[in-house]
Amino acid sequence: MSNTWKIYMLATISFLVGTSQFVISGILDQIAASINISVSSAGQLITAFALGNAIGTPIVMVAMARLNQRKKLLTALTVILIGIVSTVTLPGFGFLMAARVVLGVGTGVFVVTAYGIAASLASKGREVGAMANVAMGYSASLVFGVPVGRVIAEAYDWKIIFWSIGFFSLLAVFAVARLIPATEGEEPVPIGKQLALLKNPRIAVALSVTLFMFISYSAVYTYIAPLLTTFISQQRISVVLFVIGIASLIGSKLGGFSADRFGIARTLIIGMVIQALALVLLSAVSGSVIIITLLFIWSIAVWTFGATQNFNLISLAPEASGIMLSLNSSFVQLGFAAGAGVGGIVAGSLSIMAVTWIGAVSVALAAIIAYFFFSRARSFTSSRG
C-alpha cells in the first residue's frame, strides 16, 4: 500500500474515532431513556469524555514516550476498544461514565499520534495536507456519523452503533499492525514545559477565548437532539443533524478563506458575534425553517474558529507551535466538559431552550476578550493571514 493510501486509511479510522465521540450528542435523549436518567444527567457523558481527553492524553503521551509511532497508535486503538466494549456490556450509568473517560483518553492519544504518522508518511512539502486529511476524517463524523447514528438508534438500539464502531476498530488494529511502519516520532513535550507557556499573559488570554468559545458550543451541541425534539419530529432530527454537519465543513473552509482575506482578528470576532446573535434569536423565533436556518448559520460560524485560532496561537509562540496546538486542544476539551456540565444544570433546572442563552453569553464573553486582546496588540491591521 502506498503512503497516500495509508494516510487515507488513518483518515477513515479517524472517522470511526470521531463518531465514537460526537454520536452521543445525536442520541442523548435515547441513551437517557434507556438507562432511566434525565437528559441533563446523560449530558455529563460528554463531560467525562472531554475530561479524560484533556487530562489523560498528555499524561499517557509522556508515559509512552519510548514507544514507536505504530505501538502508540495500536495502544490508542486498544484503549478505544476497551472503552467501546465497556460502553455496551457494563450495566449502569457509573460504568458508562467510566467508559467515556477511557474513550476520551484513547481518542486523544489516537488523534495526536495519527497526525504525527500522517506527516511522516507524506512527501516533503505535503505534511500539512496529510494532517488535514486526518482532521477531515475526524470532522466528517459530524456530517455522516452523527446523523447515521441517529437513524440506527431510532430503528434498532443505540448500542448497535458502538458495536459497529468496535467491530471496525478491531479491523483497524489489524490494518495498523500490518501497514503502518514502526517509525520513531518526536519526543512528547513534558507537561511542565507545556504549562510554563501559560505564564505568558497573551497566551493565557488567547486560550481563555478558546475555553469560553467551546463552553458555548458544548452547552448547545451536547443537547442538540433534545433541543430539536421541541420543534421537529423524531424522524427529521437525523436530517437536521446532517445539515448542521454540512455547515461545519463550510465553516472550516470559510474560516481559512476569511482569515487570509480579512485577517485573523476580524474572522474570530465576527464569527463569535454571529454565533451569539444566532443563539439569542433561537429562543425568540418560531417556525422550524427559521430555527434550522439559524442553527445552520450558527454551525458555520462555530467552525470558522478552529483553524483560525490555531494559526493565531502559533503566531504567539512560533518556536513552540506543537506545544501551542496541544494546549489549545486541551482547552477545547475543557470547554466541552464545562459546557456539557453547565448545560446539564441549566437544562435540568430551567428548560432545554435555556442552553442557547448559556451558549450566547459564553461566546459573547469570548468575543469581548478577543476584542480587547487584539485591540491591545493592535492586530486588527497587522494579523493578516
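Being a predicted model, the structure only gives us computed values, none of them experimental.

Draft legend 1. Local environment of the packing of helix α12 (residues 234-262) against helix α14 (residues 288-303). As a packed pair, α12 and α14 sit with axes 7 Å apart at the nearest point and diverge in direction by 35 degrees. Crossing handedness for the pair α12 and α14: right-handed. Each of Arg236, Val240, Val243, Ile244, Ala247, Ser248, Ile250, Gly251, Ser252 and Leu254 in α12 lies in contact with α14, whose residues at this interface are Ser288, Ile292, Leu295, Phe296, Ser299, Ile300 and Trp303. For the contact of α12 with α14, a count of residues per class yields 11 nonpolar, 5 polar and 1 charged.

Draft legend 2. Representation of the packing of helix α5 (residues 69-89) against helix α8 (residues 158-179). Their axes nearest at 9 Å, the elements α5 and α8 cross at an angle of 160 degrees. Taken together, the axes of α5 and α8 lie roughly antiparallel to each other. By crossing handedness, the relation of α5 to α8 is classed as left-handed. Between α5 and α8, the contacting residues are Arg70, Leu73, Leu74, Leu77, Leu81, Ile84, Thr87, Val88 and Thr89 on the first element and Trp158, Lys159, Phe162, Trp163, Ile165, Gly166, Ser169, Leu170, Ala172, Val173, Val176 and Ala177 on the second. Residues of the contact of α5 with α8, tallied by class, amount to 15 nonpolar, 4 polar and 2 charged.

Draft legend 3. The pattern of salt bridges, seen in detail. This structure, assessed with the given rule, holds 2 salt bridges. Among the ionic pairs, Asp29 bridges to Arg150, the shortest N-O distance being 2.7 Å. Of this pair, Asp29 sits in helix α2 (residues 28-34) while Arg150 sits in helix α7 (residues 127-155), and the two are 121 residues apart along the sequence. A salt bridge links Glu154 to Arg150; the nearest nitrogen and oxygen atoms lie 3.2 Å apart. Residue Glu154 and its partner Arg150 are both found in helix α7; the two are separated by 4 residues, about one turn of the helix. When its relative accessible area of 32% is taken as the criterion, Glu154 is described as partly exposed. Taken together, the salt bridges that share partners define one network made up of Asp29, Arg150 and Glu154.

Conventions used here
- Residues numbered from 1 in each chain as written.
- Predicted model: local features only at pLDDT ≥ 70, side-chain atom pairs only at ≥ 80, totals over all residues.
- Heavy atoms only, no water.
- Axes fitted to C-alpha atoms, helices over the stretch in contact; angles between N-to-C directions.
- Helix = DSSP H or I, 4+ residues; strand = E, 2+ residues; numbered from the N terminus.
- Left-handed = near helix turned anticlockwise from the far one by under 90°.
- Contact = heavy atoms within 4.5 Å.
- Nonpolar A, V, L, I, M, F, W, Y, C, P; charged D, E, K, R; others polar.
- Parallel < 35°, antiparallel > 145°, perpendicular 65-115°, else oblique.
- Salt bridge = Lys/Arg side-chain N within 4 Å of Asp/Glu carboxyl O.
- Buried < 20%, exposed > 50% of the residue type's maximum accessible area, 1.4 Å probe, protein only.

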